[in-house]
Amino acid sequence: MRSFMPALLAALAIPAAAVTAGTVTGTIPLPPRPAGRIAVEKYTGTISGKVGVPPPPCAGVWIEGPGVTARAPAAKVALAQHGYQFARSLLVVSRGTTVEFPNNDNDYHNVFSLSRAKKFDAGRYKKSETPAPVVTFDKAGFVRVKCEIHDHMNAVVLVVDSPWFTVTDAAGKFTLTGVPPGSYTLRAQLDEKSQWSAPVTVTSGAAATVNFSKPNLTP
C-alpha cells in the first residue's frame, strides 16, 4: 500500500482548474490587412529607417459573467514599436495591467491616447532611453493608441474585466483555454463599433464552439 502513496499525493496536488477547465473556440470575420503607406516624421518631413508593413487586424475575445472579474498579471506586458509600426494592432489585457511601450526604432516616438477609458501621453523618447514608458490600464474599455510623431501608427489596448481572454489570429480564429465550467457571455470586439456577443456554456474537459458572423454595430 505504501508504494501507491507518492502517486496518490501527486494526483491530489493537481490543481482543480487543470482537471475541470474547458475550452472555447471559434471564428470572427475580419477585414483585410490595411495597405501600408510611405510615412514621414511629422515635424521634419523625413524618416531614418524603413517603414514596416502594418500588423494584420485582429479582434479581442473574452468571457464575462456573474463573479467574473479581472486578475491583473504581476509582470508588465509590452506593446513595442518597430519598423515605425506597433508590433500588433490589438493587445488585450485584464483591468489593472501595466503596459510598457518600448521603442525599437532609431527615431523618436511619442505614444499617447485620448480615449475615454484611458487618457495618457508618454512624451517623446528614443530606444536608447530606458526604461520604456509604462501605463497602468485601470478601467475596462477600448483604448486607441497612436504615435504623435508618426500619424500612420495605430494600435488598440482592449482592457477587459476578465481573466479569460485572447486575440484572434490573422484568419479570425481564436481559442480560450482554462475556463471553469459554467454559463457565460462570450464577447468579442474589433473596433469601437464592431462588437459580438453570445451565450456560451463551458463543460469540464470539453470544447465549446462559437462562430460569429455579422457584428452588432454600436451607434
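On a predicted model such as this, the values are computed, not experimentally measured, just so you know.

### Here's the deal with the nonpolar core
Counting residues in each nonpolar core, the largest one holds 21 residues, and the members touching the most others are Ile 28, Ile 63, Leu 176, Leu 186, Val 200 and Phe 212. Of all the secondary-structure elements, those providing two or more residues to this core are β2 (60–64), β14 (173–179), β15 (182–189), β16 (194–202) and β17 (207–211). The greatest single-element share of this core, amounting to 4 residues, is contributed by β16. Ranked by size, the runner-up nonpolar core spans 20 residues in total, among them Leu 79, Leu 91, Val 93 and Phe 120.

### A short note on the pattern of salt bridges
Summed over all chains, the structure comprises 4 salt bridges. With its nearest N and O atoms 3.4 Å apart, the salt bridge here joins Glu 64 to Arg 187. Residue Glu 64 is found in strand β2, and its partner Arg 187 is found in strand β15; the two are separated by 123 residues along the sequence. Under the relative-accessibility criterion, Glu 64 is labelled partly exposed at 29%.

### Comments concerning the layout of surface pockets
Counted as a void, the largest pocket has a volume near 440 Å³. Elements represented by at least two residues in the lining of the largest pocket include exactly β11 (141–147) and β12 (154–160). Among the elements that make up the lining of the largest pocket, the one with the highest residue count is β12 (3 residues). Of the residues that constitute the lining of the largest pocket, the class distribution is 13 nonpolar, 5 polar and 3 charged. Its boundaries defined by the atoms lining it, the second largest pocket holds a volume of some 160 Å³. Only β2, β11, β12 and β15 provide two or more residues apiece to the lining of the second largest pocket. Here the lining of the second largest pocket takes 3 residues from β12, the largest share from any one element. Here the lining of the second largest pocket is composed, by residue class, of 6 nonpolar, 3 polar and 4 charged.

### Regarding the confidence of the model for the chain
Confidence along the chain averages 86 in pLDDT terms, with 85% of residues attaining 70 or more. In this model residues 1–18 is a low-confidence stretch, pLDDT under 50, and it forms 1 contact with partners more than four residues away in sequence or in other chains.

### Things to note about the side chain of Ser 113
Here Ser 113 is to be found in strand β8 (residues 111–115). Looking at Ser 113, its side chain comes within polar contact range of the main-chain oxygen of Arg 144, at 2.8 Å. Ser 113 has contacts with Lys 118, Lys 119, Phe 120, Val 143 and Arg 144, leaving out every residue within four places of it along the chain.

### Things to note about the sheet that holds strand β6 (residues 90–94)
With respect to topology, 5 strands assemble into an open sheet ordered β6-β12-β11-β8-β9, the strand pairing being mixed. Of all the strands in the sheet, the pair left with one neighbour each is β6 and β9 (118–121). If you compare each strand with its neighbour and ignore which way they point, the axes differ by 30° on average. As paired elements, β8 and β9 share 4 bridges and run antiparallel to each other. Along β9, the bridge assignment pairs Ser 113 with Phe 120.

Analysis parameters
Residues numbered from 1 in each chain as written. Predicted model: local features only at pLDDT ≥ 70, side-chain atom pairs only at ≥ 80, totals over all residues. Heavy atoms only, no water. Core = buried A, V, L, I, M, F, W, Y, C linked by side-chain atoms within 4.5 Å. Buried < 20%, exposed > 50% of the residue type's maximum accessible area, 1.4 Å probe, protein only. Helix = DSSP H or I, 4+ residues; strand = E, 2+ residues; numbered from the N terminus. Salt bridge = Lys/Arg side-chain N within 4 Å of Asp/Glu carboxyl O. 1 Å grid on protein atoms, 1.4 Å probe; cavity = no way out; pocket = protein on both sides within 12 Å on 5 of 7 lines; lining within 4 Å. Points joined across faces, edges and corners; volume = space filled by probe spheres on them. Nonpolar A, V, L, I, M, F, W, Y, C, P; charged D, E, K, R; others polar. pLDDT = per-residue confidence, 0-100. Contact = heavy atoms within 4.5 Å. Polar contact = N/O pair within 3.5 Å; in protein donor to acceptor, adjacent residues only side chain to side chain. Pairing = 2+ DSSP bridges. Axes fitted to C-alpha atoms, helices over the stretch in contact; angles between N-to-C directions.

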